[in-house]
Each structure stands twice: as C-alpha cells, then as structure tokens.
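So you can see what is in the structure, the chains are spelled out below.
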Amino acid sequence: AFVVTEACVRCKYTDCVSVCPVDCFHEGPNFLVIDPDGCIDCGVCVPECPIGAIYDASELPPDQMEFVEINARLAAEWPVIAEAREPLPEAETWAEVKSKRQYLEE
Ligand code: SF4
Ligand code: F3S
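Here is a short report on the structure shown in this document. (Residues numbered from 1 in each chain as written. Chains lettered and ligands numbered in written order. Predicted model: local features only at pLDDT ≥ 70, side-chain atom pairs only at ≥ 80, totals over all residues.)

Section: the site of ligand 1
Part 1 of the reasoning: In the vicinity of ligand 1 lie 13 residues, with Phe2, Cys20, Cys39, Cys42 and Cys45 positioned nearest.
Part 2 of the reasoning: Partitioned by chemical class, the residues of the shell around ligand 1 number 11 nonpolar, 1 polar and 1 charged. (Near = placed C-beta within 6 Å. Nonpolar A, V, L, I, M, F, W, Y, C, P; charged D, E, K, R; others polar.)

In structure tokens:
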C-alpha cells in the first residue's frame, strides 16, 4: 500500500484525494492517511501531492517507517475524504518544516 508521511502534517493540501479511484483516504484534524486494505497500489496520488508526502510502503525513507502503523491505525478511526478541500491556512509555512511528527493530532 501507499503511505502518507510526516510532510502532510499541518498542510493537508488534499490534492491526493480527488484522484484516488477507491476513495481510501481518511481525514483527521491536520493530516490524512491511506487505508492499506483499500489501496490498490495504483500510485496516481503520488505526483498530486505538492510536497511529496506519499510513498509506496516499500520505498519509505527510513525515518518515516512509523507512518505505516500510523496510516493503518488512523484509517480505521477517521472518516473517508473523497473530495479536495482548501489546504490548512498555514500550509505554505508548514510545508518548509521538516520535523512535524509531534504536531500530528489524532
Ligand atoms: Fe488511492 Fe492509488 Fe494512492 Fe492507493 S496509490 S491511495 S489506491 S490513489
Ligand atoms: Fe497531505 Fe499531500 Fe494529500 S499534503 S493531504 S498527502 S496532497
């Protein structure tokens, strides 16, 4: 499955959700996750994210491995999001920040 990583935290551009053919993105307060049981590995969401937050699980950067578990766990709790929305208000500022894991609101 594909995995949303740390870069999405406090940005949530949502360009990714409108292209997913199986609607497997789920939305939390300041982050999105992919349901690993729904994802069909098509990869079309990857180039849609303006900050490159989405990876194939097999190609995750080593410091993002934790997000495999985070996506699976939160996808079971959060509602589906199938249509793009406005990014979070300070998305551009937060897009520049590298370490954002601590800001993920569950
Ligand atoms: Fe959806 Fe395809 Fe992205 Fe999986 S890889 S989340 S199925 S768009
Ligand atoms: Fe997040 Fe990128 Fe989608 S910032 S909401 S993974 S377009």
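A few points about helix H1 (residues 66-75)
Part 1 of the reasoning: Those residues of H1 lying buried are Phe67, Asn71, Leu74 and Ala75. Burial along H1 is one-sided: seen end-on, the buried residues are contained in an arc of 100°. Set apart from the buried face of H1 by more than 90 degrees, the exposed residues are Glu66, Glu69 and Arg73.
Part 2 of the reasoning: Against strand E1 (2-4), strand E2 (25-27) and strand E3 (32-34) lie the buried residues of H1. (Buried ≥ 20, exposed ≤ 12 C-beta atoms within 10 Å, placed from the backbone. Helix = DSSP H or I, 4+ residues; strand = E, 2+ residues; numbered from the N terminus. Arc of directions from axis to C-beta. Contact = placed C-beta atoms within 7 Å.)

Considerations on unusual backbone geometry
Part 1 of the reasoning: At Lys12, a position not held by glycine, the phi torsion is positive, near 50°.
Part 2 of the reasoning: Within the element layout of this structure, Lys12 appears in the loop between E1 and E2.
Part 3 of the reasoning: Located in the positive-phi region is Asp41, a residue other than glycine, with phi close to 60°.
Part 4 of the reasoning: One can find Asp41 in the loop between E3 and strand E4 (54-56).
Part 5 of the reasoning: Residue class for Asp41 comes out exposed when judged on the 10 C-beta atoms lying within 10 Å of it.

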